[in-house]
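Understanding the architecture of this molecule
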Amino acid sequence: RDDDDINDVASMAGVNLNEESARIMATNSDLVGTQMQSCKDEPFLAAIPLHKRILETAKKLGITDVPAEVVTFISHATQNRLRTVIEKVTVITQHRMESYKDDEWYEQATDVRSQLKFFEQLERLEKQRKDEQEREILLKAAKSRSRQEDPEQARLKQKAKEMQQQELAQMRQRDANLTALAAIGPRKKRRLDAPGLLTVGGEGAGLCGGSQAGLGTASPRQYPRQKITRVNLRDFIFYMEQERDMSHSLLLYRALLK
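Residues numbered from 1 in each chain as written. Predicted model: local features only at pLDDT ≥ 70, side-chain atom pairs only at ≥ 80, totals over all residues. Heavy atoms only, no water.

1. Considerations on the overall build of the chain
Helix and strand counts for the chain stand at eight helices and two strands. Put simply, the chain runs from its N terminus to its C terminus through helices and strands in the order α-α-α-α-α-α-β-β-α-α. When burial is assessed residue by residue, the chain has 12% of its 258 residues classed as buried. Taking the intrachain contacts of the chain between residues at least 6 apart in sequence as the baseline, contacts between residues at least 24 apart amount to 41%. (Helix = DSSP H or I, 4+ residues; strand = E, 2+ residues; numbered from the N terminus. Buried < 20%, exposed > 50% of the residue type's maximum accessible area, 1.4 Å probe, protein only. Contact = heavy atoms within 4.5 Å.)

2. Some words on the confidence of the model for the chain
Of all residues in the chain, 73% have pLDDT values of 70 or greater, and the mean over the chain is 77. Taken as a whole, residues 196-216 scores under 50 in pLDDT and shows 28 contacts with residues more than four places along the chain or in a different chain. (pLDDT = per-residue confidence, 0-100.)

3. Here's the deal with the pattern of salt bridges
Inspection of the entire model under this criterion finds six salt bridges. Across the pair Arg 96 and Asp 235 runs a salt bridge, and its minimum N-O distance is 2.8 Å. A residue pair is termed long-range when its members are at least 10 positions apart, and Arg 96 in helix H4 (residues 68-97) and Asp 235 in helix H7 (residues 233-242) qualify at 139 residues. Given the relative accessible area of 33%, Arg 96 is considered partly exposed. (Salt bridge = Lys/Arg side-chain N within 4 Å of Asp/Glu carboxyl O.)

4. A closer look at the nonpolar core
One finds Val 85, Val 89, Ile 92, Ile 237, Tyr 239, Met 240, Met 246, Leu 252 and Ala 255 forming the largest nonpolar core, which totals nine residues. Among the secondary structure elements, those contributing two or more residues to this core are H4, H7 and helix H8 (250-257). When near neighbours in sequence (up to four residues on either side) are disregarded, Met 240 contacts Met 246, Ser 247, Leu 251, Leu 252 and Ala 255. (Core = buried A, V, L, I, M, F, W, Y, C linked by side-chain atoms within 4.5 Å.)

5. Concerning the side chain of Thr 93
Assignment of secondary structure puts Thr 93 in helix H4. At a separation of 3.0 Å, a polar atom in the side chain of Thr 93 contacts the side chain of Asp 235. If sequence neighbours within four positions are ignored, Thr 93 has contacts with Thr 229, Arg 230, Val 231 and Asp 235. (Polar contact = N/O pair within 3.5 Å; in protein donor to acceptor, adjacent residues only side chain to side chain.)

Printed below as a string of structure tokens:
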């Protein structure tokens with residue numbers, strides 16, 4: 001029924017489908033089923049250096065002739081192996097970078113960062129308490145007016161004098177900074193869509209691909225940033241430890257020494 005409907009529509013337009021099909025087949029009859037197109041076999045590695053390297057290894061085993069098909073096969077095998085390694089290491093890196101803070105099925109048991117901040121705050125308070133005690137001792141030594149002063153008392157007075165001078169210098173510096181800020185006035189935040197914000201050297205340079213040069217304003221369309229996966233040496237070490245052929249290799253040993 002569908003074919004009849006199509007024929008009816010084509011006949012209404014004055015087109016005979018059978019004649020058109022026969023004409024197409026007659027025109028390209030010599031090409032149908034005889035022409036084959038395939039991609040060019042491009043080796044992944046340079047053929048000449050790879051062939052020399054294979055010959056050097058083959059001569060040690062008593063082989064003197066290595067055909068070109070072997071070089072091509074080894075090149076494709078290297079490409080496939082490298083692709084597999086990159087895929088596995090990428091998965092390892094993504095697992096390492098994955099965050100579980102927003103997952104409702106995970107509950108945080110310990111927070112090492114908060115613990116470190118707490119210990120740092122305790123150390124800061126302890127240091128502040130010791131500084132206050134030392135300051136009180138120095139102030140008492142500076143206020144004492146004993147006629148017979150021992151060398152230790154004189155040293156404390158000198159240190160108290162230096163401390164007072166240092167505090168006075170800090171107060172003057174703080175007052176000078178406040179005066180300078182008051183003279184400058186409150187800083188106004190520049191709007192992102194202000195004209196001339198993206199101009200460099202008098203010429204507009206758009207950050208987005210849709211913006212045109214010379215306009216000086218950014219396009220309202222924002223493109224999402226491409227997520228970059230950064231693989232480090234630790235990811236490769238973890239991958240080699242999981243592989244059976246590389247878990248006891250010299251390459252893993254050298255990587256662990258770095």
